[in-house]
Structure formats: structure tokens, C-alpha cells
Amino acid sequence: MAGERAATLSDVAREAGVSLATASRALNGSDRVVRPELQERVLAAANKLGYTPNANAQAMARGSTETVGLLVKDIADPYFSTIAGGLADEAEKHGLLVMLCNTGGQAEREQKFLAALRRQRSRAIVLAGSDTADTVHTQEVADLLTSYVDGGGRAAAISQPRLPVDTVVIDNHGGAKALAERLVGLGYRHAAVLTGPEDLLVSAERHAGFEEGWLEATGSKPAYVADDFSRDGGHRAMSRLLEDGPEVDCVFAVNDLMAVGALAACRQAGVEVGKDLAVAGFDDIATLRDVTPGLTTVRLPLADIGRLALEMVLGEPSAELRKKSVHGEVVLRESTPPRS
């Protein structure tokens, strides 16, 4: 009826003829087992009164909610959204909700979200893209995670193993090195790297891996241009390379978003990718399906990475920190044809 107040837990206890504590244990979950006959009476009373258990009360009783916190740097980046999709699919199988926290690459926001997830008693936390050379920030995040885990939470990271939690480790260095070797094998000899900020470890690892592979195969280091780890950053970096950089026959952008920006810059400059210049990326994001020419890249199983991270936090805890390595696969497409 309009104006009627919602039924409370006290109403349910009174209707079932049990104590408030028994009603709470029956409805909100508890380590203490309620006798079957009392459980049935409480559930029948709750159904009769239209009572809905309070999620916060359930969390207090169980010690955690059915929520998994996922922290990403930029949900608009297909790299992170694909990881999030894989994790969310796996979470649904376990009856869990995913709370997505978009840090925007800001250290203070990452720390704020971690503290909030701990206060809200999230069952688990997964950090994706938290790699930075800022040792002060890394230690602050490590301290927050340690406090959360000591309080009964579970956590994992998709990054390099620099935090005190289980980690899905992507072999950025190895994937980029393998790409360099394949491009040299196709006949390219003068390369440049479009890289991100120096303090972004994923960018630094891919740059270093490509440089190592190129140096070993050709005896010379590739040139490089640094900018934001984004589509616009790739566009600016490629524009500068075309205007002022050395003559090159091959360009490696350290992620696919930068590569997409580089392709756009080439079109605007009248440079035909695949004929005048080769371009390659890293990640194999879904957006590449609509890119012409098809972009050579290093494919990562992004959705599987999200699922693997969740499996780590939901599985049996280990006395030792675990690392699961994920390797990329070089995929050659029309943007890097063999040179005659």
C-alpha cells in the first residue's frame, strides 16, 4: 500500500517468533548455522512481509560483499575495456558484481578507490595498468593492498610483479622483441619507435624489447619519438617523425591506439602505409578490425587475461605470491608487407 513503510529485520523476527540475531543470521549469512526449521520460518516471514535483506548487513555478517573492484587506467581504451569484459563474464559465473573504477592514470584516484573498496568490504580487488616508475606511489599502493589483504580481502594485479599480490604478468619485452625480429626478417632496416611517457613501465618495456631485438638483428638502434600513450599521442609523434625525424622504412607504436593515430597522421601527410612506410602496433584490440590497411601487431588474449586475474583472486590462497605469465603472438598484416 502507498505510504506503508518497508518491513524491517525486527518485523521479520517478530513474525517468525525468533530473536533478532537468529533472523539476521538466517537472512544475511553467518558462520553460525541456523537450525533448518528456524531458517524456514524466517524465510517464510520475510517472504510474507516483502522484506529485502540489506546488502551492507550481509557484508557485515559475512565479512565481505559479493563485489569485485576492478581498477583500470582508462576504460575508454579498448585494451582495458576488453580485459574488463573478460573479468565481468567470469564474475557473472560466480554470482559476483564488478565495480569498475576508472583512475585516469592519477595516483591519488587509484589510492582513493582502493581505500573505498576496503571500506565497502569488497570481496576482491584487481588492479589493471598500475605500472609506474613512481616508487613512492607504488609503495603507497602496496601498503593499501597489504592492509586490505590482512583484513581478509583478496587481490591481484595485471602488471609487473611489483606489488605484494598475485600477478598476471604480460611479457611486453618479449613480444616487442619478437616483432622486431619478424620485421627485420621481412626486409626492414631503418625503424623508429613511437613510445609513451618514460615513467609508464608498459611503454618502457615494449620500447626496450623492440630496441633489443632490432639492435641484435641489424647492429643499430631504432630512433624514437615520445608522446602520450594514446591515439592522439601516436598522431602527434608520427607527425613529428614525418616532419623532422630521420628517414625510416618501419614504425613501431608501443600500443595499438598510438598506431591508429600514426595511421591517421600518415594519411594526412599523403604517406601510404604498406607502400611508402610500414607501421606496427601492440595489443590487437578489436578496433583494428576496421583499420585499413590491416595493422601488424602483437596479439594479447585480453579477455582471457581478465578471466585469469579473477580466477587468481577467487581460487585457494597460496602461501607464496603467484605469477601467471602471458605471452603475445606476432600477427603480420598488410601494414608491413615484405620488402623486395
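These notes cover the structure that comes with them.

Cut-off values and rules
Residues numbered from 1 in each chain as written. Predicted model: local features only at pLDDT ≥ 70, side-chain atom pairs only at ≥ 80, totals over all residues. Heavy atoms only, no water. Helix = DSSP H or I, 4+ residues; strand = E, 2+ residues; numbered from the N terminus. Rg over C-alpha atoms; globule rule 2.2 N^0.38 Å. Buried < 20%, exposed > 50% of the residue type's maximum accessible area, 1.4 Å probe, protein only. Contact = heavy atoms within 4.5 Å. Areas by Shrake-Rupley, 256 points an atom, 1.4 Å probe, with all protein chains shown as cover. Lys, Arg positive; Asp, Glu negative; His and termini not counted. Charge placed at Lys NZ, Arg CZ, Asp CG, Glu CD. Salt bridge = Lys/Arg side-chain N within 4 Å of Asp/Glu carboxyl O. Polar contact = N/O pair within 3.5 Å; in protein donor to acceptor, adjacent residues only side chain to side chain. Phe/Tyr/Trp six-rings, centres within 6.5 Å; stacked < 30°, edge-to-face > 60°. Axes fitted to C-alpha atoms, helices over the stretch in contact; angles between N-to-C directions. Parallel < 35°, antiparallel > 145°, perpendicular 65-115°, else oblique. Nonpolar A, V, L, I, M, F, W, Y, C, P; charged D, E, K, R; others polar. Expected span 1.5 Å × (residues − 1). Arc of directions from axis to C-beta. Pairing = 2+ DSSP bridges. Core = buried A, V, L, I, M, F, W, Y, C linked by side-chain atoms within 4.5 Å.

Some thoughts on the overall build of the protein
Per the secondary structure count, the protein includes 12 helices and 12 strands. A compact globule built from 340 residues would reach a C-alpha radius of gyration of about 20 Å, whereas the protein, at 26 Å, exceeds it by more than 25%. In terms of principal-axis extent, the alpha carbons of the protein reach across some 85 × 45 × 30 Å. Considering the protein as a whole, with its 340 residues, one finds that 47% of them fall into the buried category. The long-range share in the protein, meaning contacts at least 24 apart out of those at least 6 apart in sequence, stands at 73%. Looking at the protein as shown, the accessible area adds up to about 16400 Å², and 49% of this sits on carbon and sulfur atoms. Counting 36 positive and 47 negative side-chain charges, the protein places the averaged centre of each group 7 Å from the other.

Focus on the environment of A178
Mapped onto the secondary structure, A178 falls in helix α8 (residues 172–185). Each C-alpha atom of the pair A178 and V12 lies 64 Å from the other, and the pair is 166 residues apart in sequence.

Considerations on the pattern of salt bridges
One pass over the structure, following the stated rule, counts 19 salt bridges. A salt bridge links E90 to K93, with the nearest nitrogen and oxygen atoms 3.5 Å apart. Note that E90 and K93 are positioned in helix α5 (residues 78–93) at a spacing of three residues, about one turn of the helix. For K93, a relative accessible area of 62% puts it in the exposed group.

Observations regarding the side chain of E90
The exposure class assigned to E90 is buried, which follows from its relative accessible area of 8%. At 3.4 Å, the side chain of E90 and the side chain of H94 are in polar contact. Other than its neighbours up to four places away in sequence, E90 contacts R307, L310 and E311.

Details of the packing of aromatic side chains
Applying the stated criterion to the full structure yields three aromatic pairs. Measuring from centroid to centroid gives 5.0 Å for Y79 and F80, while their planes differ by 85°, and the two rings are edge-to-face. Here Y79 falls in the buried class, since its relative accessible area comes to 12%. Judged by its relative accessible area of 6%, F80 is buried.

Re the packing of helix α6 (residues 107–119) against helix α7 (residues 135–150)
Between α6 and α7, the least distance of the axes is 10 Å, while the angle of their chain directions is 5°. By the angle between their directions, the pair α6 and α7 is classed as roughly parallel. The segment α6 lies against α7, with A107, E110, Q111, L114 and R118 engaging H137, E140, V141, L144, L145, S147 and Y148. Among the residues forming the contact of α6 with α7, the class breakdown is six nonpolar, three polar and three charged.

Concerning α6
A rise of 1.5 Å per residue sets the reference length of α6, with its 13 residues, at 18 Å; its end C-alpha atoms lie 19 Å apart and thus fit the reference within 8%. Every buried residue of α6 is listed here: E110, F113, L114, A116 and L117. Along the axis of α6, the buried positions cluster into a sector of 165°, meaning they face one direction only. Exposed and oriented more than 90 degrees from the buried face of α6 are E108 and R119.

A few points about the sheet that holds strand β6 (residues 191–195)
Spatially, the four strands line up as an open sheet ordered β7-β6-β8-β9, and their pairing is parallel. With partners counted over all chains shown, the strands left at the sheet margins are β7 (223–226) and β9 (278–280), one partner each. Pairwise comparison of adjacent strand axes, ignoring direction, gives a mean angle of 20° for this sheet. Here β6 pairs with β7 via four bridges, running parallel. In the strand pairing of β7, L194 is matched with V225. Strand contacts of helix α9 (residues 201–218): β6, β7 and β8 (250–253), with the helix running at about 170° to β6, the strand carrying the most contacts.

A few points about the nonpolar core
Formed by 71 residues in total, the largest nonpolar core has its most connected members in I158, L183, L194, F210, M238 and I305. Of the residues forming this core, the biggest block, eight residues, is contributed by helix α11 (residues 256–268). Non-local contacts of I158, meaning those with residues more than four positions away in its chain, are made with I83, V126, L127, A128, G129, V168, I170, I305 and A309. If you look at the next biggest cluster of nonpolar residues, it comprises 15 residues, including L71, C101, L145 and A155.

Side note on the sheet that holds strand β11 (residues 323–326)
Paired through backbone hydrogen bonds, the strands of a sheet run either parallel or antiparallel to each other. In spatial order, the strands read β2-β1-β3-β4-β5-β11; together these six strands make up an open sheet with parallel pairing. The open sheet has two free edges, formed respectively by β2 (97–102) and β11, since each of these has just one partner strand. Mean inter-strand twist for the sheet, computed between neighbouring axes without regard to direction, equals 15°.

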